[in-house]
Amino acid sequence: MSGLAMPALNEATLARRAEIVAALRAIVPGEGTVDDETGMRTYESDGLTAYRQLPFVVVLPETVEQVAAVLKYCHENEIRVVPRGAGTSLSGGALPLGDAVLLSMMRFNRILDIDFANRSATVQPGVTNLAITQAVAHEGFYYAPDPSSQIACSIGGNVAENSGGVHCLKYGLTTNNVLGLEIVTIEGEVLRVGGKHLDQEGYDWLAFMVGSEGLLGVVTEVTVRILRSPETARAVLVGFPDTENAGSCVAAIIAAGIIPGGMEMMDKPAIHAAEDFVHAGYPRDVEALLIVELDGPQVEVDHLLERVEKIAHQFGATHVRVSQSEEERATFWAGRKAAFPAVGRISPDYMCMDGTIPRRELARVLQGMADLSTKHGLRVANVFHAGDGNLHPLILFDANQPGELERAEAFGADILRLCVEVGGCLTGEHGVGVEKRDLMPEMFTEDDLKQQQRVKCAFDPHHLLNPGKVFPTLHRCAELGRMHVHHGKLPFPDIPRF
Amino acid sequence: MGGTLTPQTEDEVREAIVWAINAGEPFEVVGHGTKRSISPPTQAAATLDVSGLDGIVAYEPEELVLTLRPGTTMAELAAEMDKKGQMFAFEPPNLAPLLGAVGEATFGGTFATNFAGPRRLTAGAVRDHMLGVHAISGRGEAFKAGGKVVKNVTGYDLSRALCGSWGTLAVATELTVKVLPRPETEVTLVLAGLTADEAVAAMSRAMGSSADVSGAAHLPAEVAPNGVTGPATALRLEGFGPSVSARLSHLQTMFAAASLSVLDEAASRALWSAVRDVTPFVGTGHAVWRISVAPTAGPEVAKAAPAGSRVMFDWAGGLLWVEAPITGDAGAAALRGAVAAAGGGHATLIRAPATLRAEVATFHPSPAPLKALSERLRNAFDPQAVLNPGRMAR
């Protein structure tokens, strides 16, 4: 793991390995505790494969009681814990530590309750995102957030990362679709928050937990809202001779009061890579390609498609094609969905970035990226959730060439700095993890990060849950709790004293 | 002896809080105070009035982003968004008449309380639309979280998490919110004569259909607002004209067996603003509860209301507004017991005279482990308890 500093190993923990494994095995017997190298290899990495680390020991509990007992034991013995769902994180959120228990939640794989009358589903965290939709589809319902890894990723991981997907402009991120959670704290306490009702009273624990990247607690049950599937969906493919007009077209669609189910953009390198791979019928002579998908009642979709077509022509679109069948709609998407593997065909390796920008800055950011591409001597292709400004630049490199990985990482960091500079953020949906951890100061001041870490301290005062993720510098909670108040001065001297 | 500080800038807010820490003199934090009577009285003699931090900082309709200072009034924001055909999708209620308050609600108070209106059912609450926050903690330190773009998972989601914390963790000085297009038109289909149980079943069917219903309320005869005869079960459809017409016929077919009528755009707006602002209970002097439960549990929980109560159902049955006579605990124990028996939720005492407030907890009691965590969270932001002490206690 060159270049990535992780917390120093706790020697005392390492020295007690046999005893710790035995204690964990007493809680989670049989195959539920894995301590042999071959068995643990599976867990050495997540979706961010550039980094690998063999876990200290792997535990796969099956019951809430086991999770609570494991965490309580780890808390009492000051042993670190890395929670893991399906391991599809693109930011290294589930990267193991050499002295930490890797807590896999994948045996929590049951759907507990489906309540169509209240439009909710309660599931265990190891259930995959797609499995929720599959469990409710027979009644015409679905679970809206659909990250591209939805076949594999777990709902527990979605909660940890606040996952999005192509439909989140209209239907929200995970945080907007979670109604309730059961959480086990590092002390082994089981908390239940929310439920089938809307909103919570007291502090918004759901808001703290969703997107907390496994640093605050371990989720053992998730209640989500399910929605009626849209009656129909149609897509329009729009090509532009320049990216500026493509960006303006997206803005004009939104200004017209239209929130499409999905609105994706690809730049020329991405269009060519995708077209070469899946032959989706994309035009090759354009600089930017938009896929705009409208969903809802048939009448509404037809009505809005007309409006979108009109707007596209106003902004100088050179190609406008509306899907005439479900098959054609699928073909439009096939290229976009295959964009990552398509880029994988033309380059030995690629790195997927994930910044968000205000859309009005699109042309400037794409130009900036072109300049950076020259500077770092590496190619870049862009796919873009255009509706919400979430960019996924794919940096092409060859890890077998000495120095290229480092150059790709430097290029990626420069892109994210550019996103922040124009008013955007470091990550739109993949999470900070270890990947963007050291860039956090680009976006946040020391005081911003200290306040975030005080939240961490309220949940986990000894930094035992997923340490080394999200925060570039770990401050001791005692130090963070100290007050440094400047004495004396009374503001507003001209008002009556109290 | 009390007094009021009226900071005009972020830095003055910070100075005021630093002063409070040093002097050991906590603040009640207020905007225009329209919802002040909801919470128990704070244990603070001094007041920090942040309504002077007002005005829109940036409004970018094409980015769906609005940045504002907390003292900006909801009315001013609505007027600005209206010019661009946009709105806050969470349909903020104006509770001032219900609470007998004068003045215009501010965004800061809306953020602090997380109260959303009928469209919360499908569009989410205030917290679902929060994107970024700048605030001063009870430690007297400025910090920010989130950002000014609609999709952002960088760090803990504090702009959402601070929403609904009743000003007990930090004082917001700048907020960024997601805005959305205002529907082109709306109509409401009314089903007449249903019992609460029948109404909730009908609303559940409607919400589970592809009609994309954006409001579902049941108004028993005794709470039906002007122009509507109760019991009335109202289903609102919003959006583009042709789409609204098509979805209306869909619902009319679905409920062909019921006694149906249609409210046009103007009548529909009037009905939903009455539901949103709880108009039927304005000026009656009785206690008012706001109760959130699973929608199908609504009718059962309503039965726990004390004799002489009136109940209005919103959120397809999941939000109960209960007006209860002020005798005994005004139904607190029975209603909260029914909420627990129904599988969870919360009952908040929204309107009550001081005597009742002294007896009955405003907020639904939380279980012990959450209470302990709340205390630790509070310490993480405001260790000296200088911000609204007592407001979220109990």
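Calculation criteria
Residues numbered from 1 in each chain as written. Chains lettered and ligands numbered in written order. Predicted model: local features only at pLDDT ≥ 70, side-chain atom pairs only at ≥ 80, totals over all residues. Heavy atoms only, no water. Pairing = 2+ DSSP bridges. Helix = DSSP H or I, 4+ residues; strand = E, 2+ residues; numbered from the N terminus. Axes fitted to C-alpha atoms, helices over the stretch in contact; angles between N-to-C directions. Contact = heavy atoms within 4.5 Å. Domains from an automatic or database assignment. Buried area = accessible area lost by both parts, 1.4 Å probe. Salt bridge = Lys/Arg side-chain N within 4 Å of Asp/Glu carboxyl O. Polar contact = N/O pair within 3.5 Å; in protein donor to acceptor, adjacent residues only side chain to side chain. Nonpolar A, V, L, I, M, F, W, Y, C, P; charged D, E, K, R; others polar. Disulfide = S-S within 2.5 Å. 1 Å grid on protein atoms, 1.4 Å probe; cavity = no way out; pocket = protein on both sides within 12 Å on 5 of 7 lines; lining within 4 Å. Points joined across faces, edges and corners; volume = space filled by probe spheres on them. pLDDT = per-residue confidence, 0-100. Expected span 1.5 Å × (residues − 1). Buried < 20%, exposed > 50% of the residue type's maximum accessible area, 1.4 Å probe, protein only.

Caption draft 1: Broad picture of the sheet that holds strand β6 (residues 120-123) of chain A. Residue and element names in this part refer to chain A. Spatial ordering of the open sheet is given by β5-β6-β10-β8-β9, a layout of five strands whose pairing is antiparallel. Looking along the sheet, the strands with just one partner apiece sit at the ends: β5 (111-115) and β9 (190-194). Along the sheet, successive strands turn relative to each other by an average axial angle of 10°, direction set aside. The pairing of β5 with β6 spans four bridges and is antiparallel. Note on β6: the bridge partner recorded for I114 is A121. Strands β8 (178-184), β9 and β10 (218-225) of the sheet are contacted by helix α4 (residues 64-76), whose axis makes an angle of about 55° with β8. Against the sheet, helix α5 (residues 129-136) engages β5, β6 and β10, with an angle of about 45° to β5.

Caption draft 2: Representation of the domain arrangement of chain B in the model. Residue and element names in this part refer to chain B. Per the domain assignment, the segments making up chain B are domain 1 (1-182), domain 2 (185-276) and domain 3 (279-359). Once you take the C-alpha centre of each, domain 1 and domain 3 turn out to be 26 Å apart. For the pairing of domain 1 and domain 3, the buried interface totals around 1,100 Å² over both sides, and the portion due to carbon and sulfur atoms is 69%. When residues of domain 1 are sorted by the area they lose upon contact with domain 3, I38, L98 and L121 head the list and together hold 44% of the total. Between the two partners, domain 1 and domain 3, sit zero salt bridges. Secondary-structure elements contributing two or more residues to the side of domain 1 that touches domain 3 are α3 (96-99) and α5 (120-123).

Caption draft 3: Representation of the domain arrangement of chain A within the structure. Residue and element names in this part refer to chain A. Under the domain assignment, chain A is made up of domain 1 (12-104), domain 2 (111-228), domain 3 (232-340) and domain 4 (347-431). For domain 2 versus domain 4, the separation of C-alpha centres amounts to 30 Å. Listed by partner, the interface residues are eight residues for domain 2 and six residues for domain 4. Summed over both sides, the interface of domain 2 with domain 4 buries roughly 510 Å², with 51% coming from carbon and sulfur. There are zero salt bridges connecting domain 2 and domain 4. Taken together, the connections running from domain 2 to domain 4 amount to one residue pair in polar contact (both at pLDDT 80 or more). Partitioning the side of domain 2 that touches domain 4 into residue classes produces three nonpolar, three polar and two charged.

Caption draft 4: Looking closely at the interface of chain B and chain A. In this complex, chain B contributes 94 residues to the contact, which on the side of chain A involves 98 residues. Across the interface of chain B and chain A, roughly 8,100 Å² is buried in total on both sides, 59% from carbon and sulfur atoms. Its largest share of buried area at the contact with chain A, chain B owes to K151, V153 and Y156 of chain B, together 12% of the area lost on that side. Where chain B meets chain A, there are 10 salt bridges. We note a salt bridge from E141 of chain B to R454 of chain A, for which the minimum N-O separation is 3.4 Å. The interface formed by chain B and chain A includes 34 residue pairs in polar contact (both at pLDDT 80 or more). Sorting elements by how many residues they give to the side of chain B that touches chain A places helix α13 (residues 368-381) of chain B first, with nine residues.

Caption draft 5: The arrangement of unusual backbone geometry in detail. All names here are of chain B. In this model, N114 sits at a positive phi of 55°, which is unusual for a non-glycine residue. Tracing the backbone shows N114 in the loop between α4 (107-113) and α5. Positive phi is not limited to glycine here, since N388 has a value of about 45°. Looking at the element boundaries, N388 is found in the segment after α13.

Caption draft 6: Just the sheet that holds strand β2 (residues 57-59) of chain A, in detail. Residue and element names in this part refer to chain A. Reading across from one edge, β1-β2-β4-β3 is the order of the four strands in this open sheet, with mixed pairing throughout. Of all the strands in the sheet, the pair left with one neighbour each is β1 (33-34) and β3 (80-84). Bridge count for β3 against strand β4 (residues 100-104) is five bridges, and the pairing is parallel. For R80, the partnering residue across the bridge sits in β4 and is A100. The sheet contacts of α4 involve β2, β3 and β4, and relative to β4 the element is tilted by about 170°.

Caption draft 7: Examining the state of the cysteines more closely. All chains considered together, the criterion is met by one disulfide over all chains. No disulfide involves C425 of chain A; its sulfur sits 7.7 Å from the nearest other cysteine sulfur, which is in C419 of chain A. Take C163 of chain B: it sits in no disulfide, and the sulfur closest to it among the cysteines is that of C425 of chain A, at 20 Å.

Caption draft 8: Here's a closer look at empty space enclosed by the protein. Applying the stated criterion across every chain yields a total of seven cavities of 30 Å³ or more. Its boundaries defined by the atoms lining it, the largest cavity holds a volume of some 450 Å³. What lines the largest cavity is a set of 29 residues, and nearest its centre among them are V29, G31, G108, G109 and A112 of chain B. Looking at the lining of the largest cavity, the elements that each hand over two or more residues are β2 (27-30), α4 and β9 (170-178) of chain B. Examining the composition of the lining of the largest cavity, we find that five residues originate from one element, α4 of chain B, more than from any other. Grouping the constituent residues of the lining of the largest cavity by class yields 14 nonpolar, 12 polar and three charged. The volume enclosed by the second largest cavity comes to roughly 60 Å³. If you go around the second largest cavity, the residues you meet are G165, V166, L169, P260, G261, G262, M263, E264, H385, A386, G387 and D388 of chain A.

Caption draft 9: Region of interest: the confidence of the model for chain A. The predicted model of chain A averages 94 in pLDDT, with 97% of residues at 70 or higher. In this model residues 493-498 of chain A is a low-confidence stretch, pLDDT under 50, and it forms 13 contacts with partners more than four residues away in sequence or in other chains.

Caption draft 10: Molecular detail of helix α17 (residues 446-459) of chain A. Residue and element names in this part refer to chain A. Taking 1.5 Å per residue, 14 residues should reach 20 Å; α17 reaches 20 Å between its end C-alpha atoms and fits that length. Summarising burial for α17: 11 of the 14 residues are buried, a large majority. Within α17 the residues assigned to the buried category are D448, L449, Q451, Q452, Q453, R454, V455, K456, C457, A458 and F459.

Caption draft 11: Quick peek at the pattern of salt bridges. Residues and elements named next belong to chain A. Within this structure, the stated rule accounts for 58 salt bridges over all chains. With a shortest N-O distance of 3.4 Å, E287 and K268 are connected by a salt bridge. In this pair, E287 sits in the loop between α10 (268-278) and β14 (288-296) while K268 sits in helix α10, placing the two residues 19 residues apart along the sequence. For E287, a relative accessible area of 34% translates into the label partly exposed. A salt bridge links R364 to E421; its shortest N-O distance comes to 3.7 Å. Pair noted here: R364 is in helix α14 (residues 362-376) and E421 is in helix α15 (residues 404-421), with a separation of 57 residues, a long-range link. Its relative accessible area of 58% is what places E421 among the exposed residues.

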